[in-house]
Amino acid sequence: KHGIKLRDVSKVLEQVRLIKTPQEVKCISEAVKLTQQLLDSIDPFDFTTEQALFNYVVAQTFELGDGPFFTPIVSTDEHTRFPHHFPTHKRIGKTVLIDMGVRVGVYGADITRVWSRDRRVLELYERAQQFVQELVDSVKAGDTISQLVRRWETWNPNKPHALGHGVGVEVH
């Protein structure tokens, strides 16, 4: 009617966003640093429930940065197996998982941390961390994501969790 034609430029924007400017890298790096600082300061066993720990984490993201980058995941014991669990009034048990990120401007981090008082969980977690470190150490210039995913899948054939995802503007 008005001679205006809309075109889908989402693919072009996606390609442009792949390459970060120095300012974008600075914001992402700051978000990662603040997220690690917050996670390092937490002893989840000092909290009574998932909800209490969740409330603390959210409040601290506003103290350190511009709030949470996405709704934090705080779970304990059997709830840790649900990738996008929303906190309940369940009492903190032997194992706690927090997946969160501090936002800096429009950028943010996404870090998952696990604490446990269960020896079996700690051993499994240690094995997983060793494999991820071996995977990181194996990366060479020119490797493709699909090559890394194939290596990951040899160790993790049931694939309850992905290898990872990008950081920056979109995470969850």
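Please refer to the structure placed before this passage.
Predicted model only: the values in this text are computed from it and were never measured.

A. The environment of Ser29, seen in detail. Locating Ser29 in the fold gives a position in helix H2 (residues 22–41). Taking the C-alpha atoms as reference points, Ser29 and Gly108, 79 residues apart in sequence, are found 8.6 Å from one another.

B. Fine view of the sheet that holds strand E1 (residues 73–76). Read from one edge of the open sheet, 3 strands run E1-E2-E5, paired in antiparallel fashion. Sheet topology places E1 and strand E5 (111–116) at the edges, where each strand pairs with a single neighbour. Adjacent strand axes in the sheet meet at a mean angle of 10 degrees, parallel and antiparallel pairs treated alike. Of the pairings in the sheet, the one linking E1 to strand E2 (residues 95–100) comprises 4 bridges and is antiparallel in character. Note that in E2 the partner of Ile73 across the bridge is Asp99. Those strands touched by H2 are E2 and E5, and its axis lies near 15 degrees from that of E5.

C. Main features of the packing of H2 against helix H3 (residues 50–64). In the contact formed by H2 and H3, the axes pass within 11 Å of each other and the chain directions differ by 135 degrees. The orientation of H2 relative to H3 falls into the category oblique. Crossing geometry of H2 relative to H3 is assigned as right-handed. Between H2 and H3, the contacting residues are Leu34, Gln37 and Leu38 on the first element and Tyr56, Val57, Gln60, Thr61 and Leu64 on the second. Of the residues assigned to the contact of H2 with H3, the class counts are 5 nonpolar, 3 polar and no charged.

D. Seen up close, the packing of aromatic side chains. Summed over the entire model, instances satisfying the criterion amount to 2 aromatic pairs. Each ring, one from Phe47 and one from Tyr56, has its centre 5.1 Å from the other, and the planes form 45 degrees; the classification is tilted. A relative accessible area of 29% places Tyr56 in the partly exposed class. Between the aromatic rings of Phe54 and Phe86, the centroid separation amounts to 5.6 Å while the plane-to-plane angle is 55 degrees, which identifies the pairing as tilted. Taken as a pair, Phe54 in helix H3 and Phe86 in the loop between E1 and E2 lie far apart in primary sequence, 32 residues in all. Using a relative accessible area of 11% as the deciding quantity, one classes Phe54 as buried. Phe86 gets classed as exposed once you look at its relative accessible area, which sits at 51%.

Criteria and cut-off values
Residues numbered from 1 in each chain as written. Predicted model: local features only at pLDDT ≥ 70, side-chain atom pairs only at ≥ 80, totals over all residues. Heavy atoms only, no water. Helix = DSSP H or I, 4+ residues; strand = E, 2+ residues; numbered from the N terminus. Pairing = 2+ DSSP bridges. Axes fitted to C-alpha atoms, helices over the stretch in contact; angles between N-to-C directions. Contact = heavy atoms within 4.5 Å. Parallel < 35°, antiparallel > 145°, perpendicular 65-115°, else oblique. Left-handed = near helix turned anticlockwise from the far one by under 90°. Nonpolar A, V, L, I, M, F, W, Y, C, P; charged D, E, K, R; others polar. Phe/Tyr/Trp six-rings, centres within 6.5 Å; stacked < 30°, edge-to-face > 60°. Buried < 20%, exposed > 50% of the residue type's maximum accessible area, 1.4 Å probe, protein only.

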